[in-house]
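The primary structure of each chain is shown beneath.
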Amino acid sequence: MNKEESETKPPRKRASRRGNSAATIGDVAREAHCSPMTVSRVVNGEGNVREQTREQVLEAIRKLNYSPNRAARSLAGGEQLRIALMFENPSASYLSEFLMGALEEASRNDIHLEVQRCEASEEAMALMRKLAGEGIHGFILPSPLCDDQKVIDLARELDAVSIAVGPGKAEGLHGAVMIDEFQAAYDMTRHIIDLGHERIGFIVGNPEQVASGRRLNGFRAAMEDSGLTPSEELIVQGRFTYRSGMAGAERLLSAQPQPTAIFASNDDMAAATVAVAHRKHLDVPNDITVCGFDDTAMASTIWPELTTVRQPIREMTAWAVNAIARIVRSRRTEGRPKTQQKILPYTLIRRESDAAPSLVHAAGTNGTNNGNTDA
């Protein structure tokens, strides 16, 4: 029996009787069904806590919005974790979700988060060297940095912890969190086909990101498995930006015959497709179905609201923050990093932008979970 298991667990009680007062470490312990000492170990990034227990404590911290007392941690010898989030993402809606997930999780766990914008690989590498010299414990790398091998190699050279968020593959990385891009795109394409569409356009994402190719491959595979041949003239290049989505939609909607549905590789490009369709006096979805990917705020703020794949962006960045803490803790207690990699479930969200070809669709909002969720 380890030290954690030998501690007396407090009886199960209500989370708190303190009204609107801030949650205490005791409240977290009761919610997580463990001892206050175990909560303290998790908060201070110490080892000797089972992973399942650690996850229960972190969930209780999130649920109760517990904020650790920094002064108490300092007296206990705990060092505040410092993480740098570096971004070079052209999608404002994706980035907003990404930042909120990281900021909220860092705040809950008293982690100092530095948000740094970098425009290119060379700038990112120079910034990483500077921050590593200043004592940063780890780096969160969203797309497209998560697929930049030079950036990944530099993190390893600097002996810095790096977590890639949304890479197309996880091999050779310290840590990574992602969804199954191929299967998500496959499922969305099959959904469009099941509505009765055969002539389907596809707007590819940034060619420098591995996930773009995975989504394209998922689209092709679903078409072929349904006995359909993807039309090369209906596969156009985008870059995950609204402007590139407009250009792609213009090409697709100028084709003869036009596609009856367009699947864009992210919500920004799908929203641009809806705008181009409206400009051409096409009704969405009665004249053309439009579907996106990510389920950012953009998907539910345009009209009609987008059918899309929900990528759990906030959950992915929250996981990345905690993964860095786990790796740093592993280094302190075991002298070596533990690989932290996670595939999270996605969800196909059906809204108002899809319908059978040439049929009026009385749209409703509902979600259909993919078969590999851990819920």
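Throughout, a residue's number is its position along its own chain's written sequence, starting from 1. With the structure being a predicted model, the display of local features is reserved for residues of pLDDT at least 70 and the display and counting of side-chain atom pairs for 80 or more, all residues being used for whole-chain, interface and lining totals. Excluding hydrogens and water, the side-chain figures rest on all heavy atoms present in the structure.

Strands are runs of DSSP state E lasting at least two residues, helices are runs of H or I lasting at least four, and both sets are numbered from the N terminus onward. Scanning the chain from terminus to terminus reveals 14 helices and 13 strands. Counting only residues that meet the buried cut, the chain has 54% of its 375 residues in that class. In what follows, residue pairs with any heavy atoms lying within 4.5 Å of each other are defined as contacts. Counted over contacts in the chain with a minimum sequence separation of 6, partners at least 24 positions apart contribute 72%. Here the Shrake-Rupley method, with its probe set to 1.4 Å, supplies the accessible areas, and only the displayed protein chains count as covering residues. By element, 48% of the accessible surface of the chain is carried by carbon and sulfur atoms, the whole surface being about 16,700 Å². For every residue, the accessible area (1.4 Å probe, protein chains only) is compared with the maximum for its type, and the residue is labelled buried under 20%, exposed over 50%, or partly exposed between those bounds.

This brings us to helix α12 (residues 267–279). Taking 1.5 Å per residue, 13 residues should reach 18 Å; α12 reaches 18 Å between its end C-alpha atoms and fits that length. Residues Asp267, Asp268, Met269, Ala270, Ala271, Ala272, Thr273, Val274, Val276 and Ala277 constitute the buried set of α12. One or two positions beyond α12, positive phi appears at histidine 281, with a value near 60°. Residue count minus one, scaled by 1.5 Å, sets the expected span of a helix.

Let's shift gears to the packing of aromatic side chains. Any pair of Phe, Tyr and Trp rings, taking the six-membered ring for Trp, is counted once the centres come within 6.5 Å. Such a pair is stacked with planes under 30 degrees apart, edge-to-face with planes over 60 apart, and tilted for the rest. Considering all chains together, one arrives at 4 aromatic pairs under this definition. On the numbers, 4.7 Å between centres and 20° between planes, the contact of phenylalanine 202 with phenylalanine 219 is stacked. On the criterion of sequence distance, the pair formed by phenylalanine 202 in strand β6 (residues 200–204) and phenylalanine 219 in helix α10 (residues 210–225) is long-range, its members being 17 residues apart. A relative accessible area of 0% places phenylalanine 219 in the buried class. A network of ring pairs unites the aromatic residues Phe202, Phe219 and Phe263 as a single cluster. Cation placement over rings: the criterion is NZ of Lys or CZ of Arg within 6 Å of the ring centroid and within 35° of the ring normal. It is arginine 215 that lies over the ring of phenylalanine 293; its NZ or CZ is 3.7 Å from the centre. Just above the ring of tryptophan 319 sits the side chain of arginine 326; from NZ or CZ to the centre is 5.2 Å.

This part is about the sheet that holds strand β2 (residues 112–117). By way of backbone hydrogen bonds, the strands of a sheet pair with one another, either parallel or antiparallel. Strand pairing requires that DSSP identify at least two bridges connecting the strands. Spatial strand order, β2-β1-β3-β4-β5-β11: 6 strands in an open sheet with parallel pairing. Across the chains shown, the open sheet's two edge strands, defined by having one partner strand only, are β2 and β11 (340–343). The sheet shows a mean angle of 20° between the axes of neighbouring strands, taken without regard to direction. Axis lines are fitted through C-alpha atoms, for helices just across the contact stretch, and the angle between N-to-C directions can take any value from 0 to 180 degrees. Relative to the sheet, helix α7 (residues 121–133) contacts β1 (82–87), β2 and β3 (138–141), its axis offset from that of β2 by approximately 155°.

An order of β7-β6-β8-β9 is seen for the 4 strands of this open sheet, with the pairing classed as parallel. Two strands in the sheet have a free side with no partner beyond their single neighbour: β7 (235–237) and β9 (289–291). Ignoring which end each strand starts from, the neighbouring axes of this sheet average 15° apart. In this structure, β6 lies alongside β7, joined through 3 bridges in parallel fashion. Counterpart to valine 204 in the pairing with β7 is glutamine 237. Across the sheet, α10 touches β6, β7 and β8 (261–264), and the angle it forms with β6 is around 165°. Across the face of the sheet, α12 comes into contact with β6, β8 and β9 while running at roughly 160° to β9.

A separate point is the nonpolar core. Membership of the largest hydrophobic core comes to 49 residues, with the highest contact counts inside it found for Ile83, Leu85, Ile140, Phe219, Phe263 and Ile324. Of all the elements in the fold, those that place two or more residues in this core are β1, α6 (92–108), β4 (161–165), α9 (181–194), β6, α10, β8 and α14 (313–334). Tallying contributions element by element places α14 first for this core, with 10 residues. Domain delimitation follows an automatic or database domain assignment. Shared between two domains, this core holds at least three residues of each, these being domain 2 (82–179 + 313–344) and domain 3 (181–310 + 350–360). We call a set of buried residues a nonpolar core when its members are Ala, Val, Leu, Ile, Met, Phe, Trp, Tyr or Cys and they connect through side-chain atoms within 4.5 Å of each other.

Across the chain, the average pLDDT comes to 84, with 82% of residues at 70 or higher. Here residues 1–20 is a poorly scored stretch, pLDDT under 50, and it has 32 contacts once near neighbours within four places are set aside; other chains count. The pLDDT score gives, residue by residue, the confidence of the prediction method on a 0 to 100 scale. This model gives residues 360–369 a pLDDT under 50, and the stretch forms 21 contacts once residues within four places in sequence are excluded.

Here the focus is the pattern of salt bridges. For this analysis, a salt bridge means a side-chain nitrogen from Lys or Arg found within 4 Å of a carboxyl oxygen belonging to Asp or Glu. Under the criterion given, the structure shown has 26 salt bridges. Where glutamate 51 meets arginine 326, a salt bridge forms, and the shortest distance between an N and an O atom there is 3.6 Å. You can see glutamate 51 sitting in helix α4 (residues 51–64) and its partner arginine 326 sitting in helix α14, a full 275 residues away along the chain. On the basis of relative accessible area, glutamate 51 is assigned to the partly exposed category, the value being 37%. The partner of lysine 130 in a salt bridge is glutamate 134, with the nearest N and O atoms 2.9 Å apart. Taking relative accessible area as the criterion, glutamate 134 reaches 41% and is therefore assigned partly exposed. One salt-bridge network, held together by shared partners, links Glu51, Arg54, Glu55 and Arg326.

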